[in-house]
Amino acid sequence: MIKQFTGILSQKDKSLKELYSLITEHGPVSRTDLVKYTGIKQTTCFRLIDELIQSELVIESGYGQSSGGRKPIMYEVKVDAYYVIGIDISTTHTKVLLMDLAFSIIDEESLTMDETTTPDVVIEFIVSCIHTMLQRQRLTMNDILGAGIGAIGPLDREKGMILNPIFPSPGWKDVHLCQILSEKLNIKTVLEYGSNTATLAEYQQDAFKKYQNVINILKGDGIRNGLIIDGHLVQGADKLGAFGQGHMIVDIHGRKCVCGAYGCIHAYSSIPAIQSEIVKGLKRGYPSVLREWRINIEEITFEEICQAVNEGDHFARQIIEDAAYYSGIGLANLVHMFFPELIILNGPLYTKMDLYYHTVIETAQNRLKAIYPNHEIVFSKGLLGENASAIGAGRMLLHYYLTDRSTIF
Ligand SMILES: [Zn+2]
């Protein structure tokens, strides 16, 4: 029935869709609360709930708290009524998740992005993953609501296109991703910035729902941000690329950045910037365990740098503290603009290196506490790790079914 929730709807279908959407958001929820939320007449509302139960979209899930009389029966969505696919396409990997309607991961596959992963290779990988997963889980295409895709920008979301991202492989220009996948798989697809889908997914976690203003930063090879303002995801302008902090300038006389400007955060506090500073320092002769691990210092990996930092290597720790300092300054600048109650710092730079994570927070807090002594910010590494973008992409797909957005393919 969810598949019938798109297009032109009768009044009754609109009410069913609204009810289902409310149960998705508030479930487990009582009938009385659903009447209150919808404003639909009680008898009509009860009849529609019964219809959702008969269609096997909603189930009774026990009893709620009594407010004096009998305990109310609670309703929630049937999580295996349908399944959704969540896809994350980034510069480092393409991840495909099969999830139920509670967004629990049932199956997953991942592809490392390199110079061979052209659009054709990635599309073929996604298509074959979905077929394999369905077979493994004894499901069919009819069990799938569709696929949400969270990708690196810039995107044209209205047309379902990836425009011209910087990927290791050639061919990624004006790729009609949604159209191609919809045709090959005969399912609905939606496209959104991966940083937005990740932010949405984290924000739906019970621990984070109470906050109204949230900044989510994903930091690795590049720097991507997502924003929740007044409880709503800021989707940002199309075609420009998502709201991103990488090219925020933190030193007007600073290092040259890949974008051509001087002093961007990206030039100081991204994985490539850190690798470049490590190599420069080793060439100057600074002592470090990294020198013993690699004959060719140009080949030192991010994982090796993490290991050196975690083993207490003085030189590596110094480089990381310097890099984190610039990110902390940038983070303080964001707080001046958006006054978040929660800041999520995710991505390998934060999750694999505690020193980086804590130095960024300390630098930002040192700048903020004198100006805003009463503004407390909660910091977190997030709860979903590297799956956040793909999980959020699946959520975005269901969201599009249950709202009147027209950009579903
Ligand atoms: Zn830049």
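The rules behind these values
Residues numbered from 1 in each chain as written. Predicted model: local features only at pLDDT ≥ 70, side-chain atom pairs only at ≥ 80, totals over all residues. Heavy atoms only, no water. Helix = DSSP H or I, 4+ residues; strand = E, 2+ residues; numbered from the N terminus. Buried < 20%, exposed > 50% of the residue type's maximum accessible area, 1.4 Å probe, protein only. Donors = N, O, S within 2.8 Å, 3.2 Å for Na, K, Ca; no water. Tetrahedral: all angles 85-135°; square planar, octahedral: opposite > 155°, others 65-115°. Pairing = 2+ DSSP bridges. Core = buried A, V, L, I, M, F, W, Y, C linked by side-chain atoms within 4.5 Å. Contact = heavy atoms within 4.5 Å. Arc of directions from axis to C-beta. Phe/Tyr/Trp six-rings, centres within 6.5 Å; stacked < 30°, edge-to-face > 60°. Lys NZ or Arg CZ within 6 Å of the ring centre and 35° of its normal. Domains from an automatic or database assignment.

### A closer look at unusual backbone geometry
Thinking step 1. The step from G27 to P28 runs through a cis peptide bond, and the omega angle for that step is -5°.
Thinking step 2. Here P28 shows up in the loop between α1 (11-26) and β1 (29-30).
Thinking step 3. Positive phi, close to 55°, is recorded for N186, a residue that is not glycine.
Thinking step 4. As for its position among the elements, N186 is in the loop between α5 (177-185) and β10 (188-193).
Thinking step 5. By relative accessible area, which is 70% here, N186 ends up exposed.

### Remarks on the coordination of the zinc ion
Thinking step 1. Only H247 (ND1), C257 (SG), C259 (SG) and C264 (SG) from the protein reach the zinc ion as donors, at distances of 2.0 to 2.3 Å.
Thinking step 2. Here the zinc ion is ringed by four donor atoms whose angles at the metal span 103 to 120°, and the overall shape comes out tetrahedral.
Thinking step 3. In the primary structure, the donors to the zinc ion are separated according to the pattern H-x9-C-x1-C-x4-C. Here H247 is found in the loop between β13 (232-233) and α7 (271-283), whereas its partner C264 is found in the loop between β13 and α7, with 17 residues between them in sequence.
Thinking step 4. You can call H247 partly exposed: its relative accessible area is 44%.
Thinking step 5. According to the relative accessible area criterion, C264 is buried, its value standing at 1%.

### Observations concerning the pairing of β10
Thinking step 1. Within β10, five of the six residues are buried, leaving the element largely enclosed by the surrounding structure.
Thinking step 2. Pairing between strand β7 (residues 144-151) and β10: six bridges, direction parallel. In the strand pairing of β10, A151 is matched with Y193.

### Describing the environment of A316
Thinking step 1. Inspection of the secondary structure assignment puts A316 in helix α10 (residues 314-338).
Thinking step 2. A316 gets classed as buried once you look at its relative accessible area, which sits at 0%.
Thinking step 3. Separated by 27 residues in sequence, A316 and V289 have C-alpha atoms that sit 8.8 Å apart.

### Observations regarding the nonpolar core
Thinking step 1. Within the largest apolar cluster, 49 residues are counted, with the highest numbers of intra-cluster contacts made by I274, I278, L331, L345 and Y356.
Thinking step 2. For this core, the elements supplying multiple residues, two or more each, are β11 (214-219), β12 (223-229), α7, α9 (302-310), α10, β14 (342-346), α11 (348-351) and α12 (354-368).
Thinking step 3. The greatest single-element share of this core, amounting to eleven residues, is contributed by α10.
Thinking step 4. For I274, the residues in contact, after removing those within four places along its chain, are Y268, I305, I319, I320, A323, L349 and Y356.

### Considering α5
Thinking step 1. Those residues of α5 lying buried are L177, C178, L181, S182 and L185. Seen from one end, α5 has its buried residues packed into an arc of 120°, which puts them on one side.
Thinking step 2. Residues of α5 that are buried in the fold lie against β4 (83-89), α4 (119-136), β7, β9 (161-162) and β10.
Thinking step 3. Following α5 by one or two positions, N186 adopts a phi angle in the positive range, close to 55°.

### Re the packing of aromatic side chains
Thinking step 1. Here the structure, examined in full by the defined rule, presents seven aromatic pairs.
Thinking step 2. On the numbers, 5.6 Å between centres and 85° between planes, the contact of Y325 with Y326 is edge-to-face.
Thinking step 3. Take Y325: its relative accessible area is 37%, and that puts it in the partly exposed class.
Thinking step 4. The interplanar angle of 80° and the centroid separation of 6.3 Å between the aromatic rings of Y350 and Y357 together place this pair among those described as edge-to-face. Y357 carries the same exposure label as Y350, and that label is buried.
Thinking step 5. Aromatic ring contacts, followed pair by pair, group Y268, Y325 and Y326 into a single cluster.
Thinking step 6. Geometry around F46 places R31 over its ring, the cationic atom sitting 3.7 Å from the centre.

### Structural notes on the domain arrangement of the protein
Thinking step 1. You can read the domains of the protein as domain 1 (2-77), domain 2 (83-194 + 387-402) and domain 3 (206-382).
Thinking step 2. Each of domain 1 and domain 3 has a C-alpha centre, and these two points are 44 Å apart.

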